[in-house]
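Residue-level listing of the chains:
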Amino acid sequence: FALFALGSCIAAPRTEFMGANGKMVYAISCQTLDECAIHARELCPSGHDVVPAASGAGDTTARGGIGGTPTTKLLIECKEP
């Protein structure tokens, strides 16, 4: 069961949650910043702002996934149309 739960977390390309200002924030996981930008444009056709993470970084790169594949995580908030 634990392996299944871990695998489902790794496979999720994005997570959404309510930000401190009451707007929806999307956490996008991708292989490169260019790939993150593509996902951000798909989610937010009117543009987006990068939301600083709790650590103060707008994006973080960490080793994760199967085989140590690098993963980039980016937090964004869509702009109003």
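Residues numbered from 1 in each chain as written. Predicted model: local features only at pLDDT ≥ 70, side-chain atom pairs only at ≥ 80, totals over all residues. Heavy atoms only, no water.

**A few points about the overall build of the protein**
Here's step 1: For the protein, the helix and strand inventory stands at two helices and five strands.
Here's step 2: N-terminal to C-terminal, the α/β element order of the protein is α-β-β-α-β-β-β.
Here's step 3: Of all 81 residues assigned to the protein, the portion counted as buried reaches 19%.
Here's step 4: With the model as given, the accessible surface of the protein reaches about 5,600 Å², and the carbon-plus-sulfur share is 62%. (Helix = DSSP H or I, 4+ residues; strand = E, 2+ residues; numbered from the N terminus. Buried < 20%, exposed > 50% of the residue type's maximum accessible area, 1.4 Å probe, protein only. Areas by Shrake-Rupley, 256 points an atom, 1.4 Å probe, with all protein chains shown as cover.)

**Details of the state of the cysteines**
Here's step 1: Tallying each qualifying case throughout the model produces two disulfides.
Here's step 2: Sulfur-sulfur distance for the disulfide between Cys 30 and Cys 36 comes to 1.8 Å. In this structure the cystine formed by Cys 30 and Cys 36 twists about its S-S bond by roughly -50°; its chirality is therefore left-handed. For the residue pair Cys 30 and Cys 36, the accessibility class agrees, reading buried in each case.
Here's step 3: By sequence-ordered numbering of the bonded cysteines, the protein has its disulfides arranged as 1-2, 3-4. (Disulfide = S-S within 2.5 Å.)

**Some remarks on the confidence of the model for the protein**
Here's step 1: For the protein, the mean per-residue pLDDT works out to 74, and 63% of the residues sit at or above 70.
Here's step 2: For the protein, per-element mean pLDDT is lowest for helix α1 (residues 2-11), which scores 40, and highest for strand β3 (residues 48-50), which scores 94.
Here's step 3: Segment residues 1-12: pLDDT under 50, and two contacts once partners within four positions in sequence are set aside and those in other chains are kept.
Here's step 4: Here residues 55-63 is modelled with pLDDT under 50, and outside its nearest four sequence neighbours on either side it reaches 21 contacts, counting other chains as well. (pLDDT = per-residue confidence, 0-100. Contact = heavy atoms within 4.5 Å.)

**A few points about the nonpolar core**
Here's step 1: If you look at the biggest cluster of nonpolar residues, it comprises eight residues: Tyr 26, Ile 28, Cys 30, Cys 36, Ala 40, Cys 44, Leu 74 and Ile 76.
Here's step 2: Secondary-structure elements contributing two or more residues to this core are β2 (24-30), α2 (33-43) and β5 (70-78).
Here's step 3: In terms of residue count, the dominant contributor to this core is β2 (three residues).
Here's step 4: Not counting the four nearest positions on each side in its chain, Tyr 26 is found in contact with Arg 14, Thr 15, Glu 16, Leu 43, Leu 74, Leu 75, Ile 76 and Cys 78. (Core = buried A, V, L, I, M, F, W, Y, C linked by side-chain atoms within 4.5 Å.)

**Comments concerning the pairing of strand β1 (residues 14-18)**
Here's step 1: Pairing analysis gives five bridges linking β1 to β2, with the strands arranged antiparallel. Residue Thr 15 lies in a different strand from β2, and its bridge partner there is Ala 27.
Here's step 2: Connecting β1 to the next strand, β2, in antiparallel fashion are five residues, including Gly 22 with a positive phi near 85°. (Pairing = 2+ DSSP bridges.)

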